[in-house]
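Coordinates in review
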Amino acid sequence: MLLNICNWLLSIIGGIFGTVYFFITGGSYTGIDFVKCLGLGLLCFLGLWICIFLLIWIFFILIALTISYKKEYTSISKFYSYIFTLWYKYVCSFAHARLHFSGLEQIPQDKKFLAVCNHRSSYDNFIMTIALDKVGQKISYITKPENYKIPLARNYMKRGLYISIDRENVRNALKAIMKSIEYINSGLINIGVFPEGTRSKNGELLPFKPGCLKVAEKSECPIVVCTVQGSESISKNFFWKRTDVYFDVIKVIQPQEFVDISTVDVSDDIRKLMLEKLGK
């Protein structure tokens, strides 16, 4: 919408300036001349838009190249966290995603937590990161190894302390869980997971993999239960049409509430909360 408005405004401005120019100089001004002025305004807009687009991409690429993918990072960088969040905001804005948030006031400020959310698109972690940034919280994610094959993005994930987990490899999965517990217990960063384990292709909530909740059980941290709706439409509407996306924090489960409950039962309770919020 904003792109179309700017497009027409610049075209009209070009036409107006062209009209004024011909009037001042006393030259003849035909309908063809007016169309040329409109075209000139459009070309100016497109040229400026392309230049800004390329400059933004070059900026993020250059920043990514300053991160060593081979280095093992053990701390959070405020600079890179800011840039990474800025990148997420830029992508969502470019995709014309209009984000709506609720329940953010429930998010704990005095301790680190495990955030769980349903999974509908590849934008879900973007949206959760932006939401938490609104209340001054940073987050890392347990993610599948394939994501570390994405050029440049993997650099940012590496510096953001994203944790790779191979569920088919028991030893690797256990290592990922232990690292997540370590991050929370040390007060380093919050951890985000998508209990379904993969994106839902039809919007229905998939069965949960309760093993990820071991992070909260072992670290005795709160579980922030969230839902996202509408993110599955971003790719379909990308660039041309605005997409309304709703991210809601529906409950914060304190450690004492699940101290004597199995992770399977906690998983079932969380799934019920999500289903109720999603209207299923």
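Our structure's up above, just so we're on the same page.
This section reports on the structure supplied with the text. (Residues numbered from 1 in each chain as written. Predicted model: local features only at pLDDT ≥ 70, side-chain atom pairs only at ≥ 80, totals over all residues. Heavy atoms only, no water.)

Residues L42, L46, I50, L54, L55, I58, L62, L65 and L152 make up a contiguous nonpolar surface patch of about 790 Å² in total accessible area. Looking at where L62 falls in the secondary structure, it is placed in helix α2 (residues 31-65). (Patch = residues over 30% accessible without salt bridge, like charges linked within 9 Å, V, L, I, M, F, W, Y side chains within 5 Å. Areas by Shrake-Rupley, 256 points an atom, 1.4 Å probe, with all protein chains shown as cover. Salt bridge = Lys/Arg side-chain N within 4 Å of Asp/Glu carboxyl O. Helix = DSSP H or I, 4+ residues; strand = E, 2+ residues; numbered from the N terminus.)

If you look at the biggest cluster of nonpolar residues, it comprises 72 residues, and the most contacted ones within it are L114, V116, M128, I191, I223, F247 and I270. The greatest single-element share of this core, amounting to 8 residues, is contributed by helix α3 (residues 78-94). The contact partners of M128, leaving out residues within four places of it in the chain, are A115, C117, I139, Y141, F194 and F247. (Core = buried A, V, L, I, M, F, W, Y, C linked by side-chain atoms within 4.5 Å. Buried < 20%, exposed > 50% of the residue type's maximum accessible area, 1.4 Å probe, protein only. Contact = heavy atoms within 4.5 Å.)

Locating V225 in the fold gives a position in strand β6 (residues 223-229). V225 gets classed as buried once you look at its relative accessible area, which sits at 0%. In the structure, V225 is positioned 111 residues away from L114 in sequence and 8.6 Å away in space, judged by C-alpha atoms. Those residues in contact with V225 that lie beyond four places of it in its chain are V116, D248, V249, I250, K251, I253, I270 and M274.

Quick look at helix α9 (residues 263-278) now. Here α9 contains 16 residues, and its C-alpha end-to-end distance of 22 Å stays within 8% of the 22 Å for a straight helix at 1.5 Å per residue. Burial in α9 covers these residues: T263, V266, S267, I270, M274 and L278. Angular distribution of buried residues about the axis of α9 spans 105 degrees; they occupy a single face of the element. The exposed set on the far side of α9, more than 90 degrees from its buried face, consists of K272 and E276. Its buried side turned inward, α9 meets β2 (114-117), α7 (214-219), β6 and β7 (243-253). Positive phi appears at G279, one or two residues downstream of α9, with a value of about 75 degrees. (Expected span 1.5 Å × (residues − 1). Arc of directions from axis to C-beta.)

Let us now look at the pairing of β7. Moving residue by residue along a regular strand, the side chains alternate between the two faces of the sheet. Where strand β1 (residues 97-102) lies against β7, 6 bridges are found, and the strand directions are parallel. Of the residues in β7, the one forming a bridge with A97 is T243. (Pairing = 2+ DSSP bridges.)

Below, the discussion takes up the side chain of T143. Among the structural elements, T143 can be located in strand β3 (residues 139-143). For T143, the side chain forms a polar contact with the side chain of N147, separated by 2.5 Å. In contact with T143, not counting residues within four places along its chain, are Y148, Y162, I163, S164 and I165. (Polar contact = N/O pair within 3.5 Å; in protein donor to acceptor, adjacent residues only side chain to side chain.)

Here we take up the packing of aromatic side chains. Counted under the stated rule, the structure contains 18 aromatic pairs. Measuring from centroid to centroid gives 5.8 Å for F84 and Y162, while their planes differ by 40 degrees, and the two rings are tilted. A residue pair is termed long-range when its members are at least 10 positions apart, and F84 in helix α3 and Y162 in the loop between α5 (153-159) and β4 (163-164) qualify at 78 residues. Each member of the pair F84 and Y162 is classed as buried. Look at Y123 and F126: their rings are 5.8 Å apart centre to centre, the planes differ by 70 degrees, and that puts the pair in the edge-to-face class. Three or more aromatic residues link up through ring pairs in this structure, and these residues are F84, Y88, Y123, F126, Y141, Y156, Y162 and F194. The ring of Y69 carries R154 above its face, with NZ or CZ at 4.2 Å from the centroid. (Phe/Tyr/Trp six-rings, centres within 6.5 Å; stacked < 30°, edge-to-face > 60°. Lys NZ or Arg CZ within 6 Å of the ring centre and 35° of its normal.)

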